[in-house]
Amino acid sequence: MDSRNANGEAKMLLSHAKTLRLHTGNLVNRSRLKKKCPCSPSEELQDCIQASLSDWFSTTKPASKDFPDTLDCSLPQATDRISPEERDELRVSVKLFLCESPQSGIRDAVEMVCQALAVSQLDSVIIAPPWPVDGESRSLAHLQPSWKELEALVGSQKIAAIGTSDLDKDLLEQLYNWAQVKPSSNQFNLASCCVMPPELTAFAKQFDIQLLTHNDPRELMTAATFQEALREGSQDLNIADWRLEWVLRYSIIVKSRGIIKAKGYLVNARKACP
């Protein structure tokens, strides 16, 4: 099958699918992406989706009369799976961004990354639930459903430690007092303030919560930007309306050296109902 036929087959698969799953593979080894220096996490993700989808479209696909509802646009050769012999030497850290999908997507995301990396447990997962609409502030009630799902995954030994993102001292304290499994970390965006609030630092120190920094925007990727990435990657201007449900970013770190061995994204999207 030549590239033109492969592209046509891919477009047919995509047009019939209801769910789209994409894995970028290890970005550390992807020469095309290494040549670029994205200015932000959002630009990096957009570039990853475009490049990964373009690569998947160009690969040969077996002709089939069956069109699956869930389409896996991943290239196995681009993924660095972890061998049992090296697992103890590595730390697998994840940040999960929930877009339109609430807590129902958490278990699927964890299962997918564990399968992709050939591990039975993630060392840490930081959750980033969608921000409330209409300028409402975040509340404990807003966080509880996602946290309960994470606690269940800790109970089943799929995750060792769980953390939060962008919680102020009051909300972090509320979560800590309510939760069965306490947060081990809280990410703080220095773009909102150049110095961590003293009351947050004091509370985290008292209860042994690690404070980390990040530069992720509130909305990692807008609906319009995601559609643009799909159009560019598939070279199809008339692509259907797909809605981003969640994005998972993982890092595999060599414990003894503190260097990143692998990094990648998993993306899950659902076709909008007509």
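Along each chain, residue indices are assigned from 1 in the same order as the chain's sequence is written. For a predicted model such as this one, the threshold for reporting local features is a pLDDT of at least 70, and the threshold for listing and counting side-chain atom pairs is 80 or more; totals across whole chains, interfaces and linings nevertheless cover every residue. Only hydrogens and water are set aside when side-chain values are computed; all heavy atoms of the structure are taken into account.

## A few points about the overall build of the protein chain
Phase 1 of the analysis: The helix and strand inventory of the protein chain stands at 8 helices and 9 strands.
Phase 2 of the analysis: Per-residue accessibility, obtained with a 1.4 Å probe over protein chains only, is compared with the maximum for each type, and a residue is labelled buried under 20%, exposed over 50%, and partly exposed between these values. Looking at the protein chain as a whole, 47% of its 274 residues qualify as buried.
Phase 3 of the analysis: In what follows, residue pairs with any heavy atoms lying within 4.5 Å of each other are defined as contacts. When contacts within the protein chain are restricted to residue pairs at least 6 apart in sequence, long-range pairs at least 24 apart make up 73% of them.
Phase 4 of the analysis: When the accessible surface of the protein chain is split by element, carbon and sulfur atoms take 49% of a total near 14,100 Å². We count a stretch as a helix when DSSP gives it H or I for four or more residues in a row; a strand needs E for two or more, and each element gets its number in order from the N terminus. A 1.4 Å probe and the Shrake-Rupley method give the accessible areas. Residues count as covered only by the protein chains that appear here.

## Some points on the sheet that holds strand β7 (residues 210-214)
Phase 1 of the analysis: When DSSP locates at least two bridges between a pair of strands, those strands are taken to pair. Taken in spatial order, the 9 strands of this open sheet run β2-β1-β9-β8-β3-β4-β5-β6-β7, and their pairing is mixed. Whereas interior strands pair on both sides, the edge strands pair on one side only; in this sheet they are β2 (70-74) and β7. Neighbour-to-neighbour, the strand axes of this sheet turn through a mean angle of 20°, independent of strand direction.
Phase 2 of the analysis: Summarising the sheet, strand β3 (residues 90-98) and strand β4 (residues 122-128) pair through 5 bridges and their orientation is parallel. Following the sheet pairing, Ser93 is matched in β4 by Ser124.
Phase 3 of the analysis: Each of β1 (19-23), β8 (242-254) and β9 (259-271) is contacted by helix α8 (residues 223-234), which is oriented at about 80° to β8, the strand it contacts most. Axis lines are fitted through C-alpha atoms, for helices just across the contact stretch, and the angle between N-to-C directions can take any value from 0 to 180 degrees.

## What about the packing of helix α4 (residues 104-117) against helix α5 (residues 140-155)?
Phase 1 of the analysis: It is at 8 Å that the axes of α4 and α5 come closest, and there the two elements cross at 35°. Seen from above, α4 lies across α5 with right-handed handedness. Of α5, the residues touching α4 (which contributes Ile106, Arg107 and Val110) are Ser146, Glu149, Leu150, Ala152 and Leu153. Left-handed is the label given to a crossing in which the near helix is rotated counterclockwise from the far helix by less than a right angle, and right-handed is the label when the rotation is clockwise.

## So, the pairing of β9
Phase 1 of the analysis: Both β1 and β9 contribute to a ladder of 5 bridges, which runs antiparallel. Across the sheet, residue Leu20 finds its bridge partner in β9, namely Ala269.
Phase 2 of the analysis: One ladder, built from 12 bridges, connects β8 with β9; its direction is antiparallel. Counterpart to Ile252 in the pairing with β9 is Ala262.
Phase 3 of the analysis: Counting the residues between successive antiparallel strands, the hairpin from β8 to β9 contains 4 residues, one of them, Gly258, with a positive phi of roughly 70°.

Any functional reading would require information beyond the geometric quantities listed.
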